[in-house]
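A look at the structure
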Amino acid sequence: MALPRPKGDTTLSQATVREHPALPTVRATYNPLSEVKNLHKRKIFQHRKTPPLHFSVGGRLSSWPAYASAQAILQNRKPCSTTDKTGARDKPSITISKPRYLEQLENYLRKELLLLDMTKENALELKLQPYREIFEFFIEDFKTYKPLLSSIKNAYEVTLAHFREKIRSLEPLKAMLVNVSEDCNEKILAIRAEERYEIKMLKKEKINLLKLIDKKNEEKISLQTQVSKLRKNLAEEYLHFLNERDARRILIADLNELRYQREDMSLAQSPDVWGEDPVKLTLALKMARQDLTKTQKELNTMKANFGDVVPRRDFEMEEKRNKELFEMVESLKTDFEEIRKEYDTLLQVHMTIVRDRDEFYNELQEIQRTSTPRPNWSKCEDVISGGQERWQFLSEGKSSDQLVDVLLEEIGSGLLQERETFQGLGSTEDIPEFLRSGGFVRNKKLSKKEVVDIIKDVWKERMAEDQKEKTSTLAQFFLNYLKKRFGDASAMDWSYTIFENVKLFHSSEVMKQFHDVLTGKVEENVYVGQRELVSYLLKELNNSDIQNEGNLTLEQFSTVLKNAFPLKTDEQIQELLELAKVQLEGIPQDVIHYRLLFTEDELGASGPFIHKLWDQAQNEKQAYLLELETELGPNKVAEITPEQLRQALMSIDPSLDEQTLDSYVSQAFQTPIAELEPDCVQEEEVLLARLQNAAIKRMGPRELEPGS
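Parameters at a glance
- Residues numbered from 1 in each chain as written.
- Predicted model: local features only at pLDDT ≥ 70, side-chain atom pairs only at ≥ 80, totals over all residues.
- Heavy atoms only, no water.
- Helix = DSSP H or I, 4+ residues; strand = E, 2+ residues; numbered from the N terminus.
- Buried < 20%, exposed > 50% of the residue type's maximum accessible area, 1.4 Å probe, protein only.
- Contact = heavy atoms within 4.5 Å.
- Areas by Shrake-Rupley, 256 points an atom, 1.4 Å probe, with all protein chains shown as cover.
- Phe/Tyr/Trp six-rings, centres within 6.5 Å; stacked < 30°, edge-to-face > 60°.
- Axes fitted to C-alpha atoms, helices over the stretch in contact; angles between N-to-C directions.
- Parallel < 35°, antiparallel > 145°, perpendicular 65-115°, else oblique.
- Left-handed = near helix turned anticlockwise from the far one by under 90°.
- Nonpolar A, V, L, I, M, F, W, Y, C, P; charged D, E, K, R; others polar.
- Expected span 1.5 Å × (residues − 1).
- Core = buried A, V, L, I, M, F, W, Y, C linked by side-chain atoms within 4.5 Å.
- Salt bridge = Lys/Arg side-chain N within 4 Å of Asp/Glu carboxyl O.
- pLDDT = per-residue confidence, 0-100.

1. Here we look at the overall build of the protein chain
Within the protein chain, the secondary structure is distributed over 22 helices and 6 strands. Counting over 708 residues, the protein chain shows a buried share of 26%. Once local pairs closer than 6 in sequence are excluded, the contacts in the protein chain between residues at least 24 apart make up 63%. Just so you have it, the protein chain exposes about 50100 Å², and 56% of that area is on carbon and sulfur atoms.

Below, the structure is given as structure tokens:
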């Protein structure tokens, strides 16, 4: 028998279940997972109309399984109740199962939870959604309690939204806290590194001081031993001389006594010899004996006290001689140290020469084994455009290797003029910026003079930018220059055309320098240094030319060279003078038209004088690096710190100022000096290779040791 439904309680009608707004609707697109979920929801709400929800007797919702006790109470009602008294007592106790609606909701909740992806970041919010749907089902089904349940749900939703906003506002603080924590950790690590470095230096200083104390203690013990030995020798000598003195005094007294007795006997035997009174003579003799004894004592005392004393004149002579010998010894020591350093340097040079000799010998053996007969270069006359006359001009004074380069350039230039397009290298990061193109680019078919003129204009613009403090590499500047001059559309065509030309024509001085700097083989400041060297010499010559005619006498020209380059030897100055005479052949030898030495041909090539100036600068740089290598040590794989490199540079070149020294160290470690760590290390061979490609030079003479 069903329980009576109290007034005001809500019932679930079939229309209510079917038209529930929370039920999912089928969309046009087919999704298997959503289809399964929708079928499950429809099954739940199709069966909710039977059986109805269980209510308590008092009109309240039954809280299963607590309503089982209510059934037991109904069986024991009074006769006035509507329940049959006899039937209720005779029926056995009924086991009441879980409500079907509750089971359906639990099954729906369980399946929804299983379909969730708990690996996502918002897994907790996704997990909360099925519970929210179950609660909405309750709100919609129980009309009587809908306002109360809706207010409860809204209160929880507002609270959750408030906490979400609070968490979202705390996210920046969390990131800030992480950044502050990282900064603090970095500062702590830096402080610990400084403390470790200071502790390391203090330990080294402690070890040095302990060694010094041990050395002083050893010297003290040695001196104490010498003092004790000298004291013992002095005591022995004192006793020896004391015995000698006593024996000498006794001997002198015996001799005097014998002499006196002899004189007395002679006087007693011949009293008339003197013709004087014997008493007077005896008295005089007695007084003379007393004076003699006194004088003898004084003489013995003087001999005993001053027997070992050296005269002042001899002492001063010996002291002067000793001082001269000491100075000579110090000078010899200094000379020995210099000779030893020179020996070490010569030994290093000897080892290098021996290694080079062995390499050259091996190369010679390999060449002799694999060499072929010398080619007949006259065969190229028919191939090269221009015929025999042009080939003789191109091959004059060139070796076989240089002739191969000339031949390759001629062949390559012909092929380059025949090409219409170039294949782009791509747009990846490893491709230089001025070559980043994925398609085909057009060949502009430029002549060598046109390429040289563009390169000169690029360098001119680059030098002007240097005065305003450049902020980009030469590759970036080159691309920007082409875009500015020829437009963005055709900039890549000009870039590929110029690059292919400079890559091919290595015999052109301007093209080769530009290619080496553009590809990073040589630092840009090397080219700048060469130009500054030429400009500096031309400026000095103009300053010496008072009349500004472009002419100087040979003596004036030599004086300017010596003043401009005080570190060059007389041989180097003489070489420059000879080349200047050769280049100015046909002009009177006593006058130097110095401005003609700085002229360039149509392809930008300089004369022999400028080339010799650059060659001397390169040789001086090589000698400078060789001295640095000797100062750092023969072990090329040794790890060098910035401080060690700085000390070595200051040792071989004391005239370096702080800014230039920082520049050399920064170029060697390829790190800005402000970011260079003191404990940063690099192999010696790598440092020397980087300095080889950098613009470095000696700033002053190497100071000699005192006494050298």
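2. Here we look at the packing of aromatic side chains
Counted by the stated rule, this structure contains 10 aromatic pairs. Between Trp459 and Phe514 the ring centres are 6.0 Å apart and the planes differ by 90°, which places this aromatic pair in the edge-to-face class. With Trp459 in helix 12 (residues 448-467) and Phe514 in helix 15 (residues 509-518), this residue pair connects regions lying 55 residues apart in the sequence. By relative accessible area, Phe514 is classed as buried at 0%.

3. A word on the packing of helix 20 (residues 642-652) against helix 21 (residues 658-669)
At a minimum axis distance of 10 Å, the contact between helix 20 and helix 21 shows a crossing angle of 130°. As summarised for this structure, helix 20 and helix 21 are arranged oblique, according to the angle between their axes. In this structure, helix 20 meets helix 21 at a crossing whose hand is right-handed. Counting all contacts with helix 20, which are made through Pro642, Leu645, Arg646, Leu649 and Met650, the residues of helix 21 involved are Glu658, Leu661, Asp662, Tyr664, Val665, Ala668 and Phe669. Among the residues making up the contact of helix 20 with helix 21, the classes are represented as 9 nonpolar, no polar and 3 charged.

4. Here's the deal with helix 14 (residues 491-504)
Between its first and last C-alpha atoms helix 14 spans 20 Å; for 14 residues at 1.5 Å apiece the expected length is 20 Å, and the two agree. Taking burial as the measure, the 14 residues of helix 14 include 12 buried ones, the bulk of the element. Within helix 14 the residues assigned to the buried category are Ala491, Met492, Asp493, Trp494, Ser495, Tyr496, Thr497, Ile498, Phe499, Glu500, Asn501 and Val502.

5. Focus: the packing of helix 17 (residues 554-564) against helix 18 (residues 570-583)
Helix packing for two helices is described by the angle between their axes and how far apart those axes are. Remark: helix 17 packs on helix 18, axes separated minimally by 10 Å, with the N-to-C direction vectors making an angle of 135°. On the basis of the axis angle, helix 17 is oblique to helix 18. At the point where helix 17 passes helix 18, the crossing takes the right-handed sense. Where helix 17 abuts helix 18, its residues Leu554, Phe557, Ser558, Leu561 and Lys562 lie against Asp570, Ile573, Leu576, Leu577, Ala580 and Lys581. For the contact of helix 17 with helix 18, the residue count by class is 7 nonpolar, 1 polar and 3 charged.

6. Describing the environment of Leu625
Summarising the element assignment, Leu625 is placed in helix 19 (residues 608-632). Looking at Leu625, the relative accessible area reads 6%, which means it is buried. Beyond its immediate stretch of four places on either side in the chain, Leu625 contacts Leu688, Leu691, Gln692 and Ile696.

7. Some details on helix 16 (residues 524-544)
Along its 21 residues, helix 16 runs 31 Å from first to last C-alpha, staying within 8% of the 30 Å computed at 1.5 Å per residue. Listed in full, the buried residues belonging to helix 16 are Glu524, Val526, Tyr527, Val528, Leu533, Val534, Leu537 and Leu541.

8. Re the nonpolar core
Phe434, Ile455, Phe478, Ile498, Val502, Phe514 and Leu518 are the most contacted members of the largest nonpolar core, which has 34 residues in total. Listed in part, the 23 residues of the second largest apolar core include Phe565, Leu584, Ile592 and Phe609.

9. With respect to unusual backbone geometry
Within the chain, Lys445 stands out as a residue other than glycine whose phi angle is a positive 55°. Residue Lys445 is classed as partly exposed on the basis of its relative accessible area, which comes to 31%.

10. Comments concerning the pattern of salt bridges
In the structure shown here, the tally under the stated rule is 20 salt bridges. We note a salt bridge from Glu140 to Lys146, for which the minimum N-O separation is 3.5 Å. We classify Glu140 as buried; its relative accessible area is 19%. Across the pair Glu429 and Arg436 runs a salt bridge whose closest N-O atoms are separated by 3.6 Å.

11. Section: the side chain of Thr497
Residue position: Thr497 is located in helix 14. When residues no more than four places from it in sequence are discounted, the contact partners of Thr497 are Phe422, Arg442, Asn443, Lys444, Lys445 and Leu446.

12. Considering the confidence of the model for the protein chain
In this model, the protein chain carries an average pLDDT of 77, and 78% of its residues clear a pLDDT of 70 or more. Below a pLDDT of 50 lies the segment residues 1-37, which in the model reaches 49 contacts outside its immediate sequence neighbourhood of four places, other chains included. Taken together, the stretch residues 39-63 has pLDDT below 50 and engages in 52 contacts with residues farther than four places along the chain or on a different chain.

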